[in-house]
Amino acid sequence: MGPGELAWVIRAGDCRGAAEPGTSSRALRPPIPPVSFLFLLLLAAPGARAAGYETCPRVQPNMLNVHLVAHTHDDVGWLKTVDQYFYGTRNNIQHAGVQYILDSVISSLLAEPTRRFIYVEIAFFSRWWHQQTNETQEAVRNLVRQGRLEFANGGWVMNDEAATHYGAIVDQMTLGLRFLEDAFGNDGRPRVAWHIDPFGHSREQASLFAQMGFDGFFLGRIDYQDKLLRWKNLEMEQVWRASTSLTPPTADLFTGVLPNNYNPPERLCWDVLCKDKPIVEDARSPEYNAKALVNYFLNQATEQGWHYRTNHTVMTMGSDFQYENANMWFKNLDKLIRLVNEQQQANGSRVNVLYSTPACYLWELNKANLTWSVKDDDFFPYADGAHMFWTGYFSSRPALKRYERLSYNFLQVCNQLEALAGPAANVGPYGTGASAPLNEAMAVLQHHDAVSGTSKQHVADDYARQLAEGWGPCEVLLRNALARLSGSKEDFSFCRELNISICPPSQTLKKFQVTVYNPLGRKVNKTVRLPVQDGNFLVKDSSGRIVLSDVVIHPSFDLEDHREELLFFASLPALGFNTFSVTQTSGKIPRSRFPQPSSRNSGTHTLAIENKYIRATFDRDTGFLREIMNKDQKLLLPVSQAFFWYNASTGDSESSQGSGAYIFRPKQEEPFPVSRWAQTRLVKTALVQEVYQNFSAWCSQVVRLYQGQRYLELEWTVGPIPVGDAWGKEVISRFDTPLDTKGQFYTDSNGREILMRRRNYRPTWNLNQTEPVAGNYYPVNSRIYITDGKTQLTVLTDRSQGGSSLKDGSLELMVHRKLLIDDFRGVEEPLREDWSGAWVRGRHLLLLDRNRQAAAGHRLLAEKEVLAPQVVLAPGGGALYRPGATPRKQFSGLNRELPPSVRLLTLARWGPETLLLRLEHQFATGEDSGRNLSSPVTLDLKDLFSTFTITHLQETTLVANQLRASAFRLKWTPATGPAPALPAPVLDPAAITLQPMEIRTFVASVQWKEDS
C-alpha cells in the first residue's frame, strides 16, 4: 500500500476506533425516562413553531458558526440484509440494529429540547413508525414540527447514482416523500438532498433533485484530487447547473461537499462503536481532558473554516449505524457545545458551536447572498487514492442489474394496467393484486449497495428475493386487469425465464394464445420469441389474419440437443395489447432453419446477414464482425467486435489495491482476447438472420437481424468465468472502428441526458492519471457512442454497465466480472458469484447513423428497450368476465398516440379516485434529427385516455409533494449571472406544453368508464 493510502481503505463509516464486531451497546445505556414523561416535557419546550427554516437555531453573526449535524447512516442492506439491519440480528457480521437507533434517538431528543437530529432512510423509518403507539407517533410529530427531527433527502433509500435509471430514481423518491407527506404533512418535507455515501455523483441526479424542489444538495464522496483542489480554492460549495436543455434555474442546485465525507472529526467520535475518549470535565480525575478536547475542537473548526467561504461550517457527528445508544453521543455533544461557547466569554473565542441540520446550515449560506461558481459536468469517476478508482461497481453483479431493469419494466406495466382498469385490477377473479410490494422492492434495489452490486452475496440474494416476491402480487393484478379489459377470464401465465428459453405453456400446449401489452404511448412492432416443441405453428392476430411466423433453432452448437423457438411479429397499439392465437400444425421443421456451420476455409464467399436497412459482414477467417452498412443512409463502417478480459490486479509494488466489487484495477492496460477466432453457424429465414458465434466454452454470442430492424442485435452469453488459473477476470465486449474520435466519447446520465467524455481528462481540474484503464471508465446506464462528427456508432445496453473508449475509434463495455480477492472497502468477501449470477446473458444494440440523425434512433430505441412489451400466455377459451360482456382481443388505453418526442413516464394509481401522471419530452435541445424532435410539443389531455375521464387536474413538482404553482426554492446567484425567475406554466388540460427534457407531473382526479 502506497504512502497516504491507509486512510482511504474503509468504504463507509471510517469510524475511527470502531469496536470489534459483535460488541453490544445495550448494557451501556442509562435508564431512559418513559415516553409519556418526555412527551409532557416536549409540550413545555419553548419555540415550538411551524417546521421549515424559521425553526432553525440562532447563530452569531460575527463568529465562526460550527453547525453540528447529528446523524446516522443506515444502509438499506450491505453486509446484512434489510431485515437483519432493522431488527439487529446477525451482529456477528456487523453490530447494527436500526429499530434501537430510532428508539434511542427519539428518547434523547425528548430529554433535551436543544438537541437536533436528522434521519434519511425512509425504508427503515416507515417500518419503525408503523410499530409505534399513537402516543409515540404524536411525540415524533411534535419533534418534526419543531424542526428538531429533520428528514434529509427523504427517499425510500439513498440511491446509487451510477447504476440507476432516472425513472426508478423518481419512483423511489416519490415513495419515501409520500410517506413523509402522509405522516407529517409539510412539516416533514425535506429541504435538502443528502447523498453522503454514493460512490460518485451524476449530473442527472442533481437535475432531478432540483425538479423535486430541493433547495440544496450535500455530498460526501468526491474524487480525492478534485477535493484537494476545492479545499485549496474555497470551492467546496457551488451551484450545479445540471441540464443543458432546461432553462436555468430549473435544474440549478446549490451543492456542497462535506469536509469529512460523513464522519466526525478525529478524536470526536462518541458512539458505542468508537474508541475515542468521552469528555471528562472533572479536573480532579486522572482522565480529565475537557480543556485539551475543547482546544483541539477550536483548532479543527478554525482550520476547516478557512476552506469555506462564509462564517459557517458544518461537522457531521455520526456515521454508519451509530446512535444505538444515542445518549453517549448527545451527552458529549451537550458538553462540547457548552464548553466551547463558554470560551467566548472566558477567552474571547470567535467560535460558536450549535446543534443544527443540513437545512439550517444551507439557510445561513443562502442568507450570505454570495455569488457562487458554477459546475456543469458530473463527479464521475470517483477515486479515493491514486490507484483506487471506484469504477468496478458500474458492472458488478450483472445478473442482479438486469433483474432490476426487468423489474422496472414490469412495475411500469403493472402501474399502467392498475390505472387503466381501475379498482377491478386490485380485486378481481384472480384474487387481490397490488403494485405496492414490487414498488417497495424496486425502491430498495436503488440503494447504493443494491443495484450497484456492492453487498455481500447473501444480501444480493435477498435483494433478488424481494424483487421475486414483489412480482407475484403484480402478476395477480395483471390477470385481473387483462380480464377486465379483454372481457375474458383466461388462465393467464407469465414466463419469467424466457431469457433461457423456458416457458411451459408454449412448450407443452398444442394451442394457446399470446397477449402482448405495449407500455409505450405509441404503436410498436415486437418480435415475439417463444420456446416450443417440434413442429410448425400457425399464428393469427386479433382479427383472425394469419401472421407471418417461423420456427428457428435456439443458438446451440450441439445439433443433437437443439431447441426450437417460434418467432412472429406483433403489431401493438399504443398503451394497449393485441392477442394472438397460436396453433401447432403437422410437419417437421425444414432443415434450412437449422444453424449451418460456417467453414473458416470456404474461399471468398461472404458471411453476412442483412435486411432492408442493415447489412452486417463477418470475417471468414476469424468469425468476428467485420463491417456494418446502413443501407438507408448509405453508410459503410468497418467494425470489429470481440470479447476480451482484463486480468484483475491483486496489488503490486505501487499499491496493494486490487480489483473488487467497488474497485476496477487491471493488472495491465491491454486485455487478453477470449479467443482469436469464433466458431460460427448461420441461420437465415424470412423473419430473422443470425450468426451464432462460439468464442470459448464460457463465451458465446448471437448476432441477430430481424426483418425491418434498423439496428444490429448482439445477444451475448458469458460465464461461468473460469478462474482455475488463479486470475480474476473482468470481461469486456469491444468494438473497434477507424473513426477519428479525438479522444472523445459520450455516455448517458442515468438514461437521460448525454455527457461528453475525454480520455485522461477532467473538466474542472488537471488530472494526474494513475490508472489509464479504470480511470477512464464511466457509468453507462443505457447507451455509449463515438463519433467523428459525421458518423456515429452507438451501443445501447439492457442494464447498467461500465464503459469507455480507450483508443480513438474504439468503445468497450464490461459485461461480467469474477474476482478472487476483496478490495478492502468493507464487504470482506471477493466478488465470485459462484452460483447465482455466474452465468449471464444480455443484449447490446448497435446503431450506425449519420451524426445529425443519430438522436432519433438511440432515443426512441432506448425508450423501447426500457419499456419493452409484456408477453402473457393463456390456453384460450376462458369464460366471459361478466355475463353479456363482449370479449376483445385488441385494446388501447389511448384515444390517440403520443408524438415520438413525448414519453409517458408514469401512469399509476395515486388514491382511490386519483392517478399520478408524468409526461416528459425525451429529446434534448439540438437533437432534432431532421424531424423537429427537439421542438416544444403540446398535448391535449382532456380525452386522451380511453378508460377514464379526467375530472380535475393539479400540477405538482416532480415527486408530487408540492403544488407547482406554490412551490418555492431558495434563490442563488451563480457566477454566470442571476437566472430570471420562471413563472409556473398556465395549467390548461387541453394544452400541456413540454419543452426539451422537461418532465411535467400531475395528480388527476378521474372517473373510470363502465364500458371500458
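Residues numbered from 1 in each chain as written. Predicted model: local features only at pLDDT ≥ 70, side-chain atom pairs only at ≥ 80, totals over all residues. Heavy atoms only, no water.

Asker: When you look at the sheet that holds strand 19 (residues 549-553) in this model, what are you seeing that I'm missing?
Answerer: Across a sheet, paired strands are connected by hydrogen bonds in the backbone, their directions being either parallel or antiparallel. Spatially, 3 strands are ordered 16-20-19 in an open sheet, and the strand pairing comes out antiparallel. Two strands bound the open sheet, and with one partner strand each, they are strand 16 (524-532) and strand 19. For this sheet, the mean angle separating the axes of adjacent strands, direction not counted, is 30 degrees. Pairing between strand 19 and strand 20 (residues 564-572): 5 bridges, direction antiparallel. Residue pairing across strands places Val552 opposite Glu565, the latter belonging to strand 20. (Pairing = 2+ DSSP bridges. Helix = DSSP H or I, 4+ residues; strand = E, 2+ residues; numbered from the N terminus. Axes fitted to C-alpha atoms, helices over the stretch in contact; angles between N-to-C directions.)

Asker: Would you mind showing me how to read the state of the cysteines here?
Answerer: Disulfides are covalent bonds that link the sulfur atoms of two cysteine residues. Counted under the stated rule, the structure contains 4 disulfides. Note that Cys269 is cross-linked by a disulfide to Cys274, the S-S spacing being 2.0 Å. Each disulfide pairs two cysteine sulfurs, and for Cys414 the partner residue is Cys474, the sulfurs being separated by 2.2 Å. Its S-S torsion of about -95 degrees marks the bond between Cys414 and Cys474 as left-handed, since a negative value means left-handed. Residue Cys414 is located in helix 12 (residues 398-421), and its partner Cys474 is located in helix 14 (residues 457-486); the two are separated by 60 residues in the primary sequence. In this structure, Cys414 and Cys474 share a single accessibility class: buried. (Disulfide = S-S within 2.5 Å. Buried < 20%, exposed > 50% of the residue type's maximum accessible area, 1.4 Å probe, protein only.)

Asker: Help me understand the pairing of strand 8 (residues 312-317), please; the structure alone is not making it clear to me.
Answerer: In summary, the side chains of a regular strand alternate between the two faces of the sheet. Most of strand 8 sits inside the fold, with 6 of its 6 residues counted as buried. Neither face of strand 8 is exposed, since His312, Val314 and Thr316 on one face and Thr313, Met315 and Met317 on the opposite face are all buried. The sheet contact formed by strand 1 (residues 64-70) and strand 8 spans 6 bridges and is parallel. For Ala70, the partnering residue across the bridge sits in strand 8 and is Met317.

Asker: Just checking my understanding: could you explain the environment of Leu915 for this structure?
Answerer: You can see Leu915 is positioned in strand 45 (residues 914-921). Assessed through its relative accessible area of 1%, Leu915 is described here as buried. Setting aside chain neighbours within four positions, we find Leu915 in contact with Ala419, Leu907, Ala908, Arg909, Trp910, Phe948, Phe1002, Val1003, Ala1004, Val1006 and Trp1008. (Contact = heavy atoms within 4.5 Å.)

Functional significance is not addressed by these values, which are geometric in nature.
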